[in-house]
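# Observations on chain architecture
Here is how the chains run, residue by residue.
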Amino acid sequence: MRRGHAHGELAAHSAAQAQRLRGVRPGITLPVIMDGQAVGTVGITGPPAQVRRFGLLVRRQTEILLRESVMLRSRLVAERAAERLFADVAAYDPQVVESEFLAFRAAELGFDLRLRRVAVAFEMAVPGGDRRRQGAPGRDMVLARSELLRTVREVFAGSQDIVASTAPGRIGVLHRLPAGRPVTSLVDGCRRVADVIAAQDGLTTRVGIGEPADTVAGLHESYQDARDALRLGARLARAPAVHLIADLRVHQVLRAAGQPVRSRLLDLTAALRAEADWPLLRDTITAWSESGFNLVRASAALHIHRNTIVYRMGKIEQITGRPLRDHRATMALYLACLADQLDGADG
């Protein structure tokens, strides 16, 4: 039996045929087909009738591997293109590039930048800054970063979600946010990413979330806000791993004000900072202000009895000479407390 495979057909050589050809052994050669075209062959030696079914199996596995290789290469190309698009949005400057050009590039990749999105920034770090993590099994940080990227893509798997690695240990997402869905709905998914990475690698993952936007300029600002939320949340050492910029706008403004302005603001708390229990007094002013100057809500926020709040407030008023029921004066103290937190983190 002998058939040519130039047109995608099986070719076989019997023992008798192989003897008449130099360097040829009996067996079969099968074409490898991709998208209807022969792209190569698979050959197996042996009596054609016996090895035919094995050859068909090998050809099938080869075609599967080739398809997976093509798909992987295509996916990697798409991921690299999405990363370049994300980088251009993150660095967007209307004086350098027109938003319409970025929107056109995004459309070629299947992304509509006119849809409502919110930026999310992930950052992975080793607890305590010890990259060797004494006492913990040594893990390849490159592998850990790859796991972070995979986990983020599993959570943000929408066809309009743009996910990109922005730096070692950092991931950025432009998440498609359907109309009517609040930004806070992302918190659980982001915490799940942080929990998975912590469980797999013992690493901490912090997350910052920006505000919704549906323009290139707005998405650029949303990502900058997400980065600010991530940095501010880390500086304030707040327990949750997920930080929304909507909760940190005042901190963001104080941060932008610069050190000289914050130093003058801190003068309001100079006498209080001399007290041994200053952190408790600072937390009391913060809780009192953020609870709408309500004693019950402030005590609940601090998980202490209201009488303790009253005692601390009396001490604060005695030291500062400012009544805490004077809300304008209290707000100035509140801003000074936030500035102290920011500057304390800097130290």
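Conventions adopted
Residues numbered from 1 in each chain as written. Predicted model: local features only at pLDDT ≥ 70, side-chain atom pairs only at ≥ 80, totals over all residues. Heavy atoms only, no water. Helix = DSSP H or I, 4+ residues; strand = E, 2+ residues; numbered from the N terminus. Buried < 20%, exposed > 50% of the residue type's maximum accessible area, 1.4 Å probe, protein only. Core = buried A, V, L, I, M, F, W, Y, C linked by side-chain atoms within 4.5 Å. Contact = heavy atoms within 4.5 Å. Pairing = 2+ DSSP bridges. Axes fitted to C-alpha atoms, helices over the stretch in contact; angles between N-to-C directions. pLDDT = per-residue confidence, 0-100. Phe/Tyr/Trp six-rings, centres within 6.5 Å; stacked < 30°, edge-to-face > 60°.

Here we come to the environment of Ala167. Examined against the element boundaries, Ala167 turns out to sit in strand 5 (residues 162-167). Classification of Ala167 as partly exposed rests on a relative accessible area of 25%. The sequence separation of Ala167 and Arg145 amounts to 22 residues, and the corresponding C-alpha distance is 9.9 Å.

Quick look at the nonpolar core now. A general tendency of soluble globular proteins is for nonpolar side chains to be buried together. Membership of the largest hydrophobic core comes to 27 residues, with the highest contact counts inside it found for Leu248, Leu272, Ile285, Trp288, Met313, Ile316 and Leu324. Taken together, the elements giving at least two residues each to this core come down to helix 6 (216-235), helix 8 (259-266), helix 10 (278-290), helix 11 (295-302), helix 12 (306-320) and helix 13 (327-346). Per-element accounting of this core gives the leading share, seven residues, to helix 13. Beyond its immediate sequence surroundings of up to four residues, Trp288 is in contact with Phe293, Asn294, Leu295, Ala298, Met313, Leu324, Arg325 and Thr330.

Moving on, we get to the sheet that holds strand 8 (residues 242-244). Sheet architecture is open: five strands sit in the order 5-6-4-7-8, paired in mixed fashion. Two strands in the sheet have a free side with no partner beyond their single neighbour: strand 5 and strand 8. Pairs of neighbouring strands in the sheet enclose a mean axial angle of 20°, with direction left out of account. Pairing of strand 4 (residues 117-125) with strand 7 (residues 204-209) involves six bridges; the strand directions are antiparallel. Each bridged residue has a counterpart across the sheet, and for Ala125 the counterpart in strand 7 is Thr204.

A few words now on the pairing of strand 6 (residues 170-176). Looking along a regular strand, one sees side chains alternate from face to face of the sheet. Burial analysis of strand 6 places five of its seven residues in the buried class, which makes it a mostly covered element. By the bridge criterion, seven bridges tie strand 4 to strand 6 in an arrangement that is antiparallel. In the strand pairing of strand 6, Ala119 is matched with Leu174. Taken together, the five bridges between strand 5 and strand 6 define a ladder with antiparallel strand orientation. By the bridge assignment for strand 6, Ser165 is matched with Ile171. Adjacent in sequence and paired antiparallel, strand 5 and strand 6 are bridged by two residues, among which Gly169 carries a positive phi angle near 80°.

Model confidence for the chain is summarised by a mean pLDDT of 83, while 83% of its residues fall at 70 or above. Mean pLDDT across the elements of the chain bottoms out in helix 1 (residues 15-19) (60) and peaks in strand 6 (95). A low-confidence stretch, residues 1-6 (pLDDT under 50), is modelled with 19 contacts involving residues beyond four sequence positions or located in other chains.

All told, the structure shown has three aromatic pairs when counted by the stated rule. Residues Phe86 and Tyr223 carry aromatic rings whose centres are separated by 5.0 Å and whose planes lie at 85° to one another, so their mutual orientation is edge-to-face. Linking Phe86 in helix 2 (residues 48-90) with Tyr223 in helix 6, this pair joins segments that are 137 residues apart in sequence. Overall, the relative accessible area of 2% leaves Phe86 in the buried class.

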